[in-house]
Amino acid sequence: MSVAAQPPKFQIRAVHTDATVTVYQAYTPSIGLPAARDGRFPQTWKRDRMTWIKPSFLWMAYRCGWGLKEGQETVLAVEITREGFEWALRNACLSHYVRGFHADQPSWQQELKRSPARVQWDPERDLHHRPLPYRSLQLGLAGEASRRYADEWTVGIRDVTPLAHEIHELVRDRRLAEAEALLPEERPYPVSDGLLERLVA
């Protein structure tokens, strides 16, 4: 019996088309429901705060407890332009200092202050939310990046809370094959040469 190849340790996997990429976030219903209804973030969504987007549905499910955590009851699939997504990556820096990768800690701190986006790689999760040996991208947006995300890059927003709840129920019932079949099909995202050069230590 063949064994599926394990993804590289650092790789962006996402639902994507030629023009867009889908990321996930979870909000209170007061933010999430209007966003899904109107296909854009409401004015009450704070554009001056750091916001984290996640291309991995399972990592989002882990973070929000399948949409059951307080304040994260509405799980959104946000479709954004690939142009915007890649702009954020080109203008991002790592969210933490890595000795031997960065020149020194002060220079990394300066880079962090001037970067409108930041990246961290957290262990991907399985259906039981156990960590896997490869990483999932988390992309933090602040300032200019946050405003562009909300008002320029977003082309559609869907409420996927029912999907999260359905998969959760199947996992609880140990119907893992059925649960896995419902997961969004996340494929390796094609990155141009050098796009992740400063983002993978």
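Owing to the predicted nature of the structure, the values given are computational and were not obtained by experimental measurement. (Residues numbered from 1 in each chain as written. Predicted model: local features only at pLDDT ≥ 70, side-chain atom pairs only at ≥ 80, totals over all residues. Heavy atoms only, no water.)

J.: How should the side chain of Arg47 be read in this particular structure?
T.: Structurally, Arg47 can be placed in the loop between helix H1 (29-38) and strand E3 (51-53). At a separation of 3.1 Å, a polar atom in the side chain of Arg47 contacts the main-chain carbonyl oxygen of Phe41. Each residue touching Arg47, except ones within four places of it in the same chain, is listed here: Arg40, Phe41, Pro42, Gly143, Ser146, Arg147, Ala150 and Asp151. (Helix = DSSP H or I, 4+ residues; strand = E, 2+ residues; numbered from the N terminus. Polar contact = N/O pair within 3.5 Å; in protein donor to acceptor, adjacent residues only side chain to side chain. Contact = heavy atoms within 4.5 Å.)

J.: In this structure, what is going on with the sheet that holds strand E8 (residues 154-159)? I would like to understand it.
T.: Strand pairing in a sheet relies on backbone hydrogen bonds. The paired strands run either parallel or antiparallel. Pairing in this open sheet of three strands is antiparallel, and the strands run E2-E4-E8 from one edge to the other. Two strands bound the open sheet, and with one partner strand each, they are strand E2 (20-27) and E8. Taking the axes of each pair of neighbouring strands and ignoring which way they run, one obtains an average angle of 25° across the sheet. Strand direction decides the pairing type here: strand E4 (residues 74-81) and E8, joined by five bridges, are antiparallel. Among the inter-strand pairings, Ile80 is bridged to a residue of E8, identified as Thr154. Packed onto the sheet, H1 meets E2, E4 and E8 and runs at close to 45° relative to E4. Here helix H3 (residues 82-90) sits on the sheet and contacts E2 and E4; the angle it forms with E4, its principal contact strand, is near 95°. (Pairing = 2+ DSSP bridges. Axes fitted to C-alpha atoms, helices over the stretch in contact; angles between N-to-C directions.)

J.: So what exactly am I meant to see when it comes to the sheet that holds strand E5 (residues 92-94) here?
T.: Read from one edge of the open sheet, four strands run E3-E7-E6-E5, paired in mixed fashion. Single-partner strands in this sheet number two, and they are E3 and E5. Averaged over all adjacent pairs, the angle separating strand axes in this sheet is 40°, with direction ignored. As judged from the three bridges shared by E5 and strand E6 (residues 117-125), these two strands associate in the parallel manner.

J.: Just checking my understanding: could you explain the environment of Cys64 for this structure?
T.: With respect to the helices and strands, the residue Cys64 is situated in helix H2 (residues 57-64). A residue is classified by how much of its surface remains accessible, and Cys64, at 0% relative accessible area, is buried. As for Cys64 and Val160, which are separated by 96 residues in sequence, their C-alpha atoms are 12 Å apart. (Buried < 20%, exposed > 50% of the residue type's maximum accessible area, 1.4 Å probe, protein only.)

J.: How should H1 be read in this particular structure?
T.: Residues separated by three or four positions in an α-helix point in the same direction, a consequence of the helix having 3.6 residues per turn. What H1 keeps buried is the set Ile31, Gly32, Pro34 and Ala35. Considering only its buried residues, H1 is in contact with E2, E4 and E8. Just past H1, the residue Gly39 takes up positive phi, approximately 75°.

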